[in-house]
Amino acid sequence: MTTTYAALLRGINVGGAKKVPMADLRTLMAEGLGYEDVRSYLQSGQAVFASDHGDEESLAAELAGAIEKRFGFAVDVIVRDHAYLKAIADDCPFPAAELEAKQLHVTYFSTPVDPERFLEIDRAAYLPEEFRLGDRALYLYAPDGLGRSKLAVHLSKPRLNKGLIATSRNWNTVVKLVEMTRPPEA
C-alpha cells in the first residue's frame, strides 16, 4: 500500500549554508530513490512523497543518506505520514485559529521526548510565551514571533535536544503539510 509522507529536512538553505535546491531534491527523491508524487514546499526543507516500502525511520535514513551522497553534507531528516501530521495539528493545545501563524510553531522530534528534559525551565519567567509537549512534538506559542522569542532560544539548547533530531515549522507550514499529505479519498 502506498503511503504519502512529509520529509522535514533540518537546517538547509539557511544563511547560505547547506544549499539544497528544491528541484534537485525532487529529482533525487523521484529518480534516485523511486518515490512517487514528489513535491516540495518552500525552500526551507519540506518535501512530500509517496512510497510503498519502508517506514518513517527507514525512509528518513534512506533520504538522509542520498542527500549526503548527492550534496556532500549530512542533513537530519524526519519523515512523518498524514495521520501523524493531522493529529499534531488537531491536538494543538493553543487556539491556532485565533493566532497569527507566526505566533505558533511546532518542533518535530525524531523520537518521543521525556517531559523531564524540560523540568528545569522556569516557565513563568518566559510568559506570555509558552510551550507544551505532544506526540514527538513541542508546540511553542511565541506572541512576538520566533525571531524575538527568548523561550525558543532556550528550547533549542543542545543539552535539551541531546540525542534527538529536532526541527521546527511555523503553523502555516504545519497546516500545509497536512493538506499536501492528505490521501486523495480523504
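Right above here is the structure, for reference.
The structure contained in this document is the topic of the report that follows.

Definitions and cut-offs
Residues numbered from 1 in each chain as written. Predicted model: local features only at pLDDT ≥ 70, side-chain atom pairs only at ≥ 80, totals over all residues. Heavy atoms only, no water. Helix = DSSP H or I, 4+ residues; strand = E, 2+ residues; numbered from the N terminus. Buried < 20%, exposed > 50% of the residue type's maximum accessible area, 1.4 Å probe, protein only. Contact = heavy atoms within 4.5 Å. Arc of directions from axis to C-beta. Polar contact = N/O pair within 3.5 Å; in protein donor to acceptor, adjacent residues only side chain to side chain. Pairing = 2+ DSSP bridges. Axes fitted to C-alpha atoms, helices over the stretch in contact; angles between N-to-C directions. Left-handed = near helix turned anticlockwise from the far one by under 90°. 1 Å grid on protein atoms, 1.4 Å probe; cavity = no way out; pocket = protein on both sides within 12 Å on 5 of 7 lines; lining within 4 Å. Points joined across faces, edges and corners; volume = space filled by probe spheres on them.

Take the environment of Y108 next. Tracing the chain through its elements places Y108 in strand β5 (residues 104-109). Under the relative-accessibility criterion, Y108 is labelled buried at 0%. Between the C-alpha atom of Y108 and that of A50, which follows or precedes it by 58 residues, the distance is 20 Å. Not counting residues up to four positions away in its chain, the partners in contact with Y108 are L8, I78, Y84, L85, I88, R136, I165, A166, T167, R169 and V174.

What follows concerns helix α3 (residues 82-90). Of all the residues in α3, the buried ones are H82, Y84, L85, I88 and A89. The buried side chains of α3 occupy one side of the element, clustering within an arc of 165° when seen end-on. Exposed residues pointing more than 90 degrees away from the buried face of α3 are listed as A83 and D90. Along its buried surface, α3 packs onto β1 (3-9), β4 (77-81), β5, β7 (137-141) and α6 (171-181). Where α3 begins, the capping side chain belongs to D81, and its oxygen is found 3.3 Å from the backbone nitrogen of A83.

Taken in spatial order, the four strands of this open sheet run β6-β7-β5-β8, and their pairing is antiparallel. This sheet does not close on itself; its edge strands, each paired only once, are β6 (130-134) and β8 (166-170). Direction aside, the axes of adjacent strands within the sheet are offset by 20° on average. Looking at chain direction, β5 and β7 are connected through five bridges and run antiparallel. Its bridge partner being in β7, Y108 is matched across the sheet by A137. Sheet contacts for α6: β5 and β8; angle to β8, the most-contacted strand, approximately 95°.

This part takes up the sheet that holds β1. Judged by pairing direction, the sheet is antiparallel, and its four strands sit side by side in the order β2-β3-β1-β4 without closing on themselves. Strands with a single pairing partner mark the edges of an open sheet, and in this sheet they are β2 (36-41) and β4. Shown here is a sheet whose adjacent strand axes are inclined to one another by a mean of 20°, direction ignored. The sheet contact formed by β2 and strand β3 (residues 46-51) spans four bridges and is antiparallel. Residue pairing in the sheet places R39 in a bridge with V48 of β3. The strands that helix α1 (residues 22-32) touches are β1, β2 and β3; relative to β2, the one it contacts most, it runs at about 160°.

The next subject is the packing of α3 against α6. Between α3 and α6, the shortest axis-to-axis distance is 9 Å and the interhelical angle comes to 145°. In this structure, α3 crosses over α6, and the sense of that crossing is left-handed. Here H82, L85, K86, I88 and A89 of α3 lie close against α6, whose contacting residues are W171, V174, L177, V178 and T181.

In this structure, the largest pocket encloses a volume near 400 Å³. Every residue lining the largest pocket is counted, 19 residues in all, and those nearest its centre are T107, A152, S156, A166 and S168. Sorting the residues of the lining of the largest pocket by element identifies β5, β7, α5 (150-155) and β8 as the ones contributing at least two each. Here the lining of the largest pocket takes four residues from β5, the largest share from any one element.

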